[in-house]
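Descriptive structure summary
Now for the letters of each chain:
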Amino acid sequence: VQLQASGGGLVQAGGSLRLSCAASRRTFSSSDMGWFRQGPGKEREFVAAIRWSAGITYYADSVKGRFTISRDNAKNTVYLQMNSLKPEDTAVYYCAAATRVTGRDILLPDMYDHWGQGTLVTVSS
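This one's a predicted model, so the numbers in the text were calculated from it and none came from an experiment.

Counting 36 residues, the largest nonpolar core has Trp 35, Leu 80, Met 82 and Tyr 93 as its most contacted members. Among the secondary structure elements, those contributing two or more residues to this core are β1 (3–6), β3 (17–23), β4 (32–38), β5 (45–50), β7 (67–72), β8 (77–82), β9 (91–98) and β11 (119–124). Among residues more than four places away in sequence, those in contact with Leu 80 are Leu 17, Arg 18, Leu 19, Trp 35, Val 47, Ala 48, Phe 67, Thr 68, Ile 69 and Tyr 93.

Written as structure tokens, this is what we have:
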């Protein structure tokens, strides 16, 4: 099982970044995918998720309208496009895969089976 997140970096407030998470085919197929983040001194929190079928998406209120999650099943990759970034978006961002999750449980980190190593996003003011 492999999840490899990339695309983090340093950006000024108002800027954009796109995170990518490449998964092994076995992990990606039929898996719901999520992005979580953990800021300094904070607990890990839900950011966005996308269902493996139909592409239904979910967003945290704090990122709704600014972030977009998408997936390319042919490339076994999930993306997080982050626009209008704010200093409070600074965190380590993790991608995760869930194989058996229903309803709003997709927002819960404990429901995810596999995690990537994280990529740091720093937003300067």
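A few words on the state of the cysteines. Inspection of the entire model under this criterion finds one disulfide. The disulfide partner of Cys 21 is Cys 95, and the S-S distance across this bridge is 2.0 Å. With the S-S bond torsion at 60°, the cross-link from Cys 21 to Cys 95 turns out right-handed. Note that Cys 21 is positioned in strand β3 and Cys 95 in strand β9, a separation of 74 residues in sequence. For Cys 95, a relative accessible area of 0% corresponds to the buried category.

Attention now goes to the side chain of Asp 32. Inspection of the secondary structure puts Asp 32 in strand β4. Exposure remark for Asp 32: the relative accessible area of 5% places this residue in the buried category. At a separation of 2.8 Å, a polar atom in the side chain of Asp 32 contacts the main-chain amide nitrogen of Trp 52. Every residue in contact with Asp 32, bar those within four places of it in the chain, is listed here: Ile 50, Arg 51, Trp 52, Arg 71, Ala 96, Ala 97, Ala 98, Val 101, Ile 106 and Tyr 112.

As enumerated under the stated definition, the model contains five aromatic pairs in all. When the centroid spacing of 5.7 Å and the interplanar angle of 75° are considered together, the rings of Phe 36 and Phe 46 count as edge-to-face. Taken together, the residues Phe 36 in strand β4 and Phe 46 in strand β5 connect sequence positions 10 residues apart. Both residues of the pair, Phe 36 and Phe 46, count as buried. Within the aromatic cluster, the residues linked to one another by ring pairs are Phe 36, Phe 46, Tyr 94, Tyr 112 and Trp 115. It is Arg 44 that lies over the ring of Trp 115; its NZ or CZ is 4.6 Å from the centre.

Procedures and definitions
Residues numbered from 1 in each chain as written. Predicted model: local features only at pLDDT ≥ 70, side-chain atom pairs only at ≥ 80, totals over all residues. Heavy atoms only, no water. Core = buried A, V, L, I, M, F, W, Y, C linked by side-chain atoms within 4.5 Å. Buried < 20%, exposed > 50% of the residue type's maximum accessible area, 1.4 Å probe, protein only. Helix = DSSP H or I, 4+ residues; strand = E, 2+ residues; numbered from the N terminus. Contact = heavy atoms within 4.5 Å. Disulfide = S-S within 2.5 Å. Polar contact = N/O pair within 3.5 Å; in protein donor to acceptor, adjacent residues only side chain to side chain. Phe/Tyr/Trp six-rings, centres within 6.5 Å; stacked < 30°, edge-to-face > 60°. Lys NZ or Arg CZ within 6 Å of the ring centre and 35° of its normal.

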